[in-house]
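# Observations on chain architecture
Listed here are the chains, written in short residue letters.
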Amino acid sequence: MLLQISEPGASPVKEGCKPRVVGIDLGTTNSLVAHVEDSSPIVLGGEGGPLVPSVVHYAKDGSIIVGRPAQAHALASPRDTLASVKRLIGRGAKDLAGIRGMLPYELVGDDRAVRVRVVGSREVSPVEVSAEVLKELKARAEAALGGPIEGAVITVPAYFDDAQRQATRDAGRLAGLEVMRLLAEPTAAALAYGLDRGSVGTYAVFDLGGGTFDVSILKLVDGVFEVKATGGDSALGGDDLDRAIATAVLQEAGVAVTSGDASRPIIAAAVGEARRVKEALSDSDAAIFRVAGAVTGGVAIERTIKRAELAAWAQPLLDRCGKACRRVLKDAELTRDQLDGVILVGGSTRSPVVREFVATLFDKQPLSDLDPEQVVALGAAVQADVLAGGQQNVTLLDVIPLSLGIEMMGGIAEKLIHRNTTIPTGATQTFTTYADNQTGFDIHVLQGERETADACRSLARFTLRGIPPMIAGMARLEVTFLIDADGLLQVMAKELTTGKESSIEVKPSYGLSDEEVERMLMESFEFAEEDLARRNLAVERIEAERILQATRQAFVTDAAILVPEVRAAGEAAMTRLEAAMTGDDHLAIRHAIEALDLATKPFAQIRMNRAVGAQLHGVSLEDAAKKVGA
């Protein structure tokens with residue numbers, strides 16, 4: 001029996017030819033949109049050029065300004081002008097502790113997600129801010145192509161985790177885009193260079209953008225991409241060099257910077273000037289850094305910065321890049337001499353300092369034929385055109401006809417790979433145990449579009465045994481689906497705490513005619529509402545059973561710290577939850593679960609305090625319980 005604890009990867013891609021599809025590079029500093037025209041990808045321009053600064057200004061009158069016009073408000077309204085939000089997307093407060101002090105705007109939120117406070121008390125999420133940038137790109141594309149955009153491929157750093165990818169997908173949907181696929185930026189760059197048309201080759205993609213760094217090793221065999229290894233740092237980019245320059249110059253000038261509102265204009269001005277100087281040093285050996293005394297509180301700064309100084313400030317950041325590159329080469333079991341080439345991606349790779357570092361690191365001159373700021377968007381456009389059925393000189397691989405997944409607790413069908421996904425492909429998802437002392441997993445592989453296992457086609461069953469008894473939720477089962485170019489599916493299951501693993505091979509579409517596939521698709525649409533209701537009800541009942549079991553057990557094992565009032569309230573809430581479970585209203589069950597959580601919150605807090613105290617002081621839970629009781 002399985003209980004989902006992580007989200008699957010790709011969004012399903014709909015069928016049909018879509019002439020107005022685009023590729024979008026949603027960047028930290030700048031964003032672009034591209035389209036395939038006459039078999040060649042082009043970046044769609046607009047007022048101010050092809051680059052749309054990833055900057056959003058929230059005005060006091062409620063209006064929202066995006067791009068270059070928003071940048072004009074950065075100095076006067078740093079709190080309400082949001083840049084580099086890609087650094088925040090899908091992240092919690094703890095993840096951002098290192099850069100929080102040098103941001104000109106105010107972050108609020110917890111370790112699950114952060115928001116930005118703008119225009120007084122209004123709070124916006126990074127997803128909402130990113131959606132505004134995507135809306136601008138969508139409008140630009142619709143104006144250029146003369147009609148609504150029917151699909152988009154959005155690129156993400158290869159090193160983005162599930163939370164960041166899901167947040168990016170949500171931003172696309174919020175912007176009114178059908179997200180056909182999230183494409184890794186290194187793969188997009190390789191597509192733009194046309195490497196897919198080569199028969200064999202191994203390439204490193206060095207992607208240093210404004211806020212993220214990726215390095216990937218791509219192996220191409222007969223036009224098929226295989227990612228051999230990937231790594232990087234989702235909190236490392238050109239923005240960090242901007243802040244390093246600004247910090248060094250401000251400290252040298254004796255300008256104190258704090259985390260309060262008074263320093264926000266200083267930070268915004270210094271970081272903006274640092275970015276301008278950095279870009280100027282790409283074409284010259286020296287540039288002047290200027291910040292007016294009216295901004296700093298009386299200390300006018302005018303200082304010449306040489307490229308050698310830039311190299312010194314950049315070295316600690318480049319060392320981090322080099323460490324990731326060496327690790328990825330080791331993971332791919334390759335040496336730098338075995339690479340056929342290195343591709344540069346990201347605006348930060350324009351700098352001669354970075355290019356010299358890459359050439360030395362890999363012992364070969366990197367490819368730089370295409371604009372490193374446009375290459376990802378161009379590759380995304382190529383992929384969008386392929387998915388839309390366009391005629392490209394790109395190897396268009398087969399797709400799976402129906403979604404593939406596994407059965408979860410309660411008979412729910414959880415899809416790992418969605419229909420129309422290009423093969424070869426793969427997906428990995430992590431699950432955990434539902435019951436205490438569970439010693440094995442029964443994996444039921446399914447094919448189909450329905451939400452419940454009994455309405456999908458059963459492909460295979462296999463078992464993973466020998467798991468030591470643990471409390472519910474402790475075991476971690478990693479399930480991996482891999483489909484090769486022939487459509488053969490291999491399912492692997494591995495329990496992460498013990499290393500126990502098992503696998504099976506099946507042919508996903510075996511025995512299904514085109515008519516049967518069509519019938520299953522039509523049924524998925526016909527019964528979509530009914531299936532969703534059944535799924536929601538099953539999910540809430542499973543959660544209710546788990547919480548009831550855990551609460552009853554806690555009431556018994558920790559009766560000594562359970563006060564009568566909380567026991568009475570908890571038992572009454574459990575009775576109401578059991579009654580709700582007999583009905584068919586999943587919202588009623590959810591509300592009853594929340595009521596039980598509220599009723600037992602004082603008890604849960606005492607248990608948590610006891611557990612934390614035991615861990616801090618190295619005592620047993622029994623001794624901690626005595627102290628809590630005293």
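The paragraphs below set out a description of the structure included in this document. If you're wondering where the values come from, they're calculated on a predicted model, not measured in any experiment.

Rules and cut-offs
Residues numbered from 1 in each chain as written. Predicted model: local features only at pLDDT ≥ 70, side-chain atom pairs only at ≥ 80, totals over all residues. Heavy atoms only, no water. Axes fitted to C-alpha atoms, helices over the stretch in contact; angles between N-to-C directions. Helix = DSSP H or I, 4+ residues; strand = E, 2+ residues; numbered from the N terminus. Parallel < 35°, antiparallel > 145°, perpendicular 65-115°, else oblique. Left-handed = near helix turned anticlockwise from the far one by under 90°. Contact = heavy atoms within 4.5 Å. Nonpolar A, V, L, I, M, F, W, Y, C, P; charged D, E, K, R; others polar. Pairing = 2+ DSSP bridges. 1 Å grid on protein atoms, 1.4 Å probe; cavity = no way out; pocket = protein on both sides within 12 Å on 5 of 7 lines; lining within 4 Å. Points joined across faces, edges and corners; volume = space filled by probe spheres on them. Salt bridge = Lys/Arg side-chain N within 4 Å of Asp/Glu carboxyl O. Buried < 20%, exposed > 50% of the residue type's maximum accessible area, 1.4 Å probe, protein only. Expected span 1.5 Å × (residues − 1).

## Looking at the packing of helix α5 (residues 238-253) against helix α8 (residues 307-331)
The contact between α5 and α8 brings their axes to 10 Å, and the two run at 125 degrees. Our classification of the angle between α5 and α8 gives oblique. The element α5 and its partner α8 pack so that their crossing is right-handed. Contacts between α5 and α8 involve Asp240, Leu241, Ile245, Ala248 and Val249 from the first element and Leu310, Trp313, Ala314 and Leu317 from the second. Here the residues of the contact of α5 with α8 are counted per class, giving 8 nonpolar, no polar and 1 charged.

## Considering the environment of Gly390
Mapped onto the elements of the fold, Gly390 is located in the loop between α10 (375-387) and β20 (404-408). Gly390 sits 369 residues away from Val21 along the chain, and the two C-alpha atoms are 9.9 Å apart.

## A few points about the sheet that holds strand β7 (residues 64-66)
Strand order in this open sheet of 3 strands is β7-β6-β8, and the pairing throughout is antiparallel. With one partner strand each, in any of the chains shown, β7 and β8 (81-83) form the two edges of the open sheet. Shown here is a sheet whose adjacent strand axes are inclined to one another by a mean of 20 degrees, direction ignored. Pairing analysis gives 3 bridges linking strand β6 (residues 55-58) to β8, with the strands arranged antiparallel. Residue pairing in the sheet places His57 in a bridge with Thr81 of β8. Each of β6, β7 and β8 touches helix α2 (residues 126-145); the most contacted strand, β6, lies at about 110 degrees to it.

## Digging into the environment of Ile65
Tracing the backbone through its elements, the reader meets Ile65 in strand β7. Taking the C-alpha atoms as reference, Ile65 lies 8.6 Å from Glu132; in sequence the two are 67 residues apart.

## Here's the deal with empty space enclosed by the protein
Per the counting criterion, the structure on display carries 2 cavities of 30 Å³ or more. Contributing to the lining of the largest cavity are 16 residues, with Leu26, Gly27, Val85, Lys86 and Ser130 lying nearest its centre. When contributions to the lining of the largest cavity are tallied by element, the ones reaching two or more residues are α2 and β12 (151-156). It is α2 that contributes the most residues to the lining of the largest cavity, 3 residues altogether. Residues that form the lining of the largest cavity fall into these classes: 10 nonpolar, 5 polar and 1 charged. Of the pockets and cavities examined, the second largest cavity occupies roughly 40 Å³.

## Things to note about the sheet that holds strand β9 (residues 106-109)
One open sheet accounts for 3 strands, arranged β9-β10-β11; its pairing is antiparallel. Across the chains shown, the open sheet's two edge strands, defined by having one partner strand only, are β9 and β11 (122-124). Across the sheet, the axes of successive neighbouring strands diverge by a mean angle of 45 degrees, strand direction being ignored. Examined bridge by bridge, strand β10 (residues 114-118) and β11 share 3 bridges and lie antiparallel to one another. Each residue of the ladder has a partner; that of Arg117, found in β11, is Glu123. Packing against the sheet, α2 makes contact with β10 and β11, and its axis sits at approximately 75 degrees to β11.

## Structural notes on the pattern of salt bridges
Applying the stated criterion to the full structure yields 23 salt bridges. Taking the shortest distance from any N to any O, the salt bridge between Glu543 and Arg546 comes out at 2.8 Å. One end of the pair is Glu543 and the other is Arg546, both in helix α12 (residues 528-557) and 3 residues apart, which spans about a single turn. When its relative accessible area of 32% is taken as the criterion, Arg546 is described as partly exposed. Among the ionic contacts, a cluster of salt bridges with common partners joins Arg115, Arg117, Glu123 and Glu128.

## Brief notes about α10
In this model, α10 (13 residues) spans 19 Å end to end at C-alpha, consistent with the 18 Å of a helix rising 1.5 Å per residue. For α10, a buried count of 13 out of 13 residues is recorded, marking the element as mostly surrounded by other parts of the structure. Two residues or fewer after α10 comes Gly389, characterised by a positive phi angle close to 90 degrees.

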